[in-house]
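Fold and contact review
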Amino acid sequence: RDEAEAVLRARGLAPDRPYAAVHPGAGTSAKRWSADRFAAVGRTLRARSLAVAVTGDASEEPLARAVAEGIGPGAASLAGLATLPALGGILAGARVLVANDSGPAHLAAALGTPLVSVFSGTNRAEEWAPRGARVAVLTHQVPCSPCALRACPVPGHPCLSGIGTDRVSAAIAGMGK
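Residues numbered from 1 in each chain as written. Predicted model: local features only at pLDDT ≥ 70, side-chain atom pairs only at ≥ 80, totals over all residues. Heavy atoms only, no water.

1. A closer look at the state of the cysteines
Note the following rule: For the purposes of this analysis, a disulfide is any pair of cysteine sulfur atoms at a distance within 2.5 Å. Accessible area is worked out with a 1.4 Å probe on protein chains only. A residue is then buried under 20% of its type maximum, exposed over 50%, and partly exposed in between.
For the structure shown, the criterion picks out zero disulfides. Counting only cysteine sulfurs, Cys159 is the nearest neighbor of Cys152, a cysteine outside any disulfide, at a range of 5.8 Å. Judged by relative accessible area, which is 7%, Cys159 ranks as buried.

In structure tokens form, the structure reads like this:
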């Protein structure tokens, strides 16, 4: 927790004030919801008086920075700054995490952090999605799912583009966040 607090403070976020986290990265491009949609959801979280910590590893720093910039004041990229234990502390302190199908989504679910997981059609959600009492997994069914592909060859990436920001915002609101 001390390391998590230090990372948050280093980016101008107060760990003792309410914040949400978003994790726009994923292991493959086929699992990544768009940065502009993450930014839109982040702005909704900001409108609910939550600061927004955008997480990611060092390779995701440009993506996390773009999302944080798209959210605006009160959001900061923590990409590349947190060790795995610090990430656990950051997620444990968050009011909610919005994430793709990713390791941090599973970590948040294990920690009991409210989670909204935007889940692509690459895998079967019923087999691979995070589980928990405070987990909402959002999918959009398409004929080509599950595809197990690393990059989507279908124009518009329908399994993810079919999940709108309104659905994610409604799921967050349904968790009382």
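So much for the structure itself; the text now carries on.
2. Concerning the side chain of Thr28
Basically, it comes down to this: A run of H or I in DSSP counts as a helix once it spans at least four residues, and a run of E counts as a strand once it spans at least two, with each numbered from the N terminus. Note on contacts: a residue pair qualifies if any of its non-hydrogen atoms lie within 4.5 Å across the two residues.
Along the chain, the position of Thr28 falls in the loop between β1 (19-23) and α2 (35-47). Aside from chain neighbours lying at most four places away, what touches Thr28 is Leu149 and Arg150.

3. Here we look at the pattern of salt bridges
Operational definition: Just to be clear on terms, a salt bridge is a Lys or Arg side-chain nitrogen sitting within 4 Å of an Asp or Glu carboxyl oxygen.
One pass over the full model with this rule turns up three salt bridges. Glu127 is paired through a salt bridge with Arg124; the nearest N and O atoms lie 3.3 Å apart.

4. Things to note about the packing of aromatic side chains
Condition: Each pair of aromatic rings taken from Phe, Tyr and Trp, with Trp reduced to its six-membered ring, is defined by centres within 6.5 Å and is described as stacked if the planes are under 30 degrees apart, edge-to-face if over 60, and tilted in the remaining cases.
Going through the model one piece at a time under the given rule, you end up with one aromatic pair. Here the aromatic rings of Trp33 and Phe38 are separated by 5.1 Å at their centres, their planes lie at 80 degrees, and the arrangement is edge-to-face.

5. A word on the sheet that holds β1
Rules: Pairing between strands is defined by DSSP: at least two bridges between the two strands are required. Here an axis means a line fitted to C-alpha atoms, over the contact stretch when the element is a helix, while the angle between two N-to-C directions is reported on a 0 to 180 degree scale.
Taken in spatial order, the six strands make up an open sheet running β3-β2-β1-β4-β5-β6, and their pairing is parallel. Two strands lie at the open edges of the sheet, namely β3 (75-77) and β6 (135-138), each paired on one side alone. Strand-to-strand twist across the sheet, computed as the mean angle between neighbouring axes with direction ignored, equals 15 degrees.

6. Regarding helix α1 (residues 2-10)
Keep this limit in mind: To be clear, the arc concerns the directions from the helix axis to the C-beta atoms.
By the burial criterion, the buried members of α1 are Ala4, Val7 and Leu8. Taken down its axis, α1 places every buried residue within 100 degrees of arc, on the same side. Away from its buried face by more than 90 degrees, α1 exposes Asp2, Arg9 and Ala10. Lining the buried residues of α1 we find β1, β2 (51-54) and α4 (84-93). Of the residues flanking the end of α1, it is Gly12, one or two places downstream, whose phi is positive at about 80 degrees.

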